[in-house]
Amino acid sequence: MKRRELLQGMAAAAAASALGPRLAGAPGRAAAGLDIRVRRLLLRHQWTTTMSSSAHRDTLHVRYTRDGVTGLGEGAGIVRYRQDALGGQKALEGVRDFLLAADPWHHAKVVAELDRRLPGQRAAVSAVDLALLDWAGKRQGVPLYRLLGLDPSEAAVTTMSIGIDTPEVTRLKVQEAADFPFLKIKVGLATDEATLDAVRSVTKKPLRVDANEGWTNKEEAVRKINWLESQGVELVEQPLPAHMVEEARWVRSRVHIPLFADEACHSAKEIPALREAFDGIVVKLDKSGGVHEALRMIEVARALGMKVMIGCMVSSSCTITAAAHLSPLADYADLDGHLLISNDPYAGVRVEKGRLILPDSPGLGVRLTAD
Ligand code: MG
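In what follows, the accompanying structure is described. What you see is a predicted model; the values in this text were computed from it and never measured.

Attention now goes to the overall build of the protein chain. When you go through the protein chain residue by residue, the secondary structure sums to 13 helices and 16 strands. Here the C-alpha radius of gyration of the protein chain, 22 Å, is about what a compact globule of 371 residues would show, namely 21 Å. Oriented by its inertia axes, the alpha-carbon framework of the protein chain measures out at about 90 × 40 × 35 Å. Going through the 371 residues of the protein chain one by one, you find that 54% of them count as buried. The long-range fraction of contacts in the protein chain, counting pairs at least 24 apart against all pairs at least 6 apart in sequence, stands at 69%. Carbon together with sulfur atoms contributes 53% to the accessible area of the protein chain, which is approximately 15,800 Å² in total. Looking at the protein chain, you have 48 positive and 46 negative side-chain charges, and the mean spots of the two groups are 5 Å apart.

The first and last C-alpha atoms of helix 9 (residues 218-229) sit 16 Å apart over twelve residues, in line with the 16 Å expected at 1.5 Å per residue. Residues of helix 9 that are buried: Glu 220, Ala 221, Val 222, Lys 224, Ile 225 and Leu 228. Among the structural elements, helix 8 (192-200), strand 7 (207-210), strand 8 (233-237), helix 10 (245-252) and strand 9 (259-261) are those in contact with the buried residues of helix 9. The backbone nitrogen of Glu 219 has a side-chain oxygen 3.2 Å away, supplied by the residue at the start of helix 9, namely Asn 217.

Further remarks concern the pattern of salt bridges. Across all of its chains, the model carries 24 salt bridges by this definition. Taking the shortest distance from any N to any O, the salt bridge between Glu 113 and Arg 117 comes out at 2.7 Å. Of the two residues, Glu 113 and Arg 117 are both situated in helix 4 (residues 107-117); the distance of four residues between them amounts to about one turn of the helix. Residues Lys 184 and Asp 334 are paired through a salt bridge, measuring 2.6 Å at the closest nitrogen-oxygen approach. Note that Lys 184 is positioned in strand 6 (residues 183-186) and Asp 334 in the loop between strand 12 (332-333) and strand 13 (346-347), a separation of 150 residues in sequence. In the salt-bridge network here, residues are joined through shared partners; they are Lys 184, Lys 186, Asp 210, Glu 237 and Asp 334.

Taken together, Asp 210 (OD), Glu 237 (OE) and Asp 262 (OD) make up the protein donors of the magnesium ion, found 2.0 to 2.3 Å from the metal. Read in sequence order, the donor residues coordinating the magnesium ion give the pattern D-x26-E-x24-D. You can see Asp 210 sitting in strand 7 and its partner Asp 262 sitting in the loop between strand 9 and strand 10 (280-283), a full 52 residues away along the chain. You can call Asp 262 buried: its relative accessible area is 1%.

Another aspect to go through is the sheet that holds strand 8. Taken together, the eight strands give an open sheet; going across it, the order is 5-6-7-8-9-10-11-12, and neighbouring strands pair in parallel fashion. Edge strands, defined here as strands with exactly one partner in the open sheet, are strand 5 (160-162) and strand 12. Strand direction decides the pairing type here: strand 7 and strand 8, joined by four bridges, are parallel. Its bridge partner being in strand 8, Leu 207 is matched across the sheet by Val 233.

What counts and what doesn't
- Residues numbered from 1 in each chain as written.
- Predicted model: local features only at pLDDT ≥ 70, side-chain atom pairs only at ≥ 80, totals over all residues.
- Heavy atoms only, no water.
- Helix = DSSP H or I, 4+ residues; strand = E, 2+ residues; numbered from the N terminus.
- Rg over C-alpha atoms; globule rule 2.2 N^0.38 Å.
- Buried < 20%, exposed > 50% of the residue type's maximum accessible area, 1.4 Å probe, protein only.
- Contact = heavy atoms within 4.5 Å.
- Areas by Shrake-Rupley, 256 points an atom, 1.4 Å probe, with all protein chains shown as cover.
- Lys, Arg positive; Asp, Glu negative; His and termini not counted.
- Charge placed at Lys NZ, Arg CZ, Asp CG, Glu CD.
- Expected span 1.5 Å × (residues − 1).
- Polar contact = N/O pair within 3.5 Å; in protein donor to acceptor, adjacent residues only side chain to side chain.
- Salt bridge = Lys/Arg side-chain N within 4 Å of Asp/Glu carboxyl O.
- Donors = N, O, S within 2.8 Å, 3.2 Å for Na, K, Ca; no water.
- Pairing = 2+ DSSP bridges.

Function cannot be read off these values alone, since they describe shape.
Here you go:
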């Protein structure tokens, strides 16, 4: 090899190395890039439900770049399903080559294949789903709600969630949520009565209650729900453990407010079996594996005459904004995950007196404000 050819070869290798191992692409196509990282979100208050208690949450963040456009996505692993951000990151690293070679315009097919390849990692799948839809929206110059044909003025009013705490802190949290017309109260531990008493000592607002599978038998669930009815509670989420569908049907016939399936319902195919036991379902992007399956869940629930709540895990504005784009399709929204944290790395959906104000910039409409 002549010296000049050798130098040219070295220069080409150096240029490729500068691009780094994260960039790849088929010949003739603009290279794709994929950045997968974990961010720690700090909670304003210790967050306690029947599932867990913590001062922070780690979520998975995906940046997908092709043709000079970057799509952003996030997934919040769900403790109940033994998911965490590091496990999700590892799972996505295992499909990096597939994602870099895939055609992002085929996002529905790509996400379906990812779901097949990564069983038990729906939050990580959702992070990719959001990044691809953000990318597609940006490439087309339209916000996600417009891609879906939805009216942003019909975006829902969200509840503010009050996690399980001492009566003193519960009162403080309710006062901090003064702007919100509805509150969602987490119950399911031995402190339910004290929690409701603390809430009712400072507000008369309509309440929604989430038991997170906390009541262990059907008689207890009926007793608690009948009592909650007298406290101005308008619906109850997941009163019994997810597998107790027959017992939930028994409970439903003895109470007077709607029951919603959350932990019992992850994807569209499960919904028909829940129809007799629940009045509605809770759709979450981290549970469904992203927008594509969330839309199927909403369509199946509607076809069966069921109501829809769109909810969330503790997440940044990235996930919450994506979910807010779907909220015109929901009867209820519980999209406050970004309001529970103190170091949101994105700006996106705004919340004014509980109403979700969708951004009108292309894609999800979220902007990274911290690196
Ligand atoms: Mg719930």
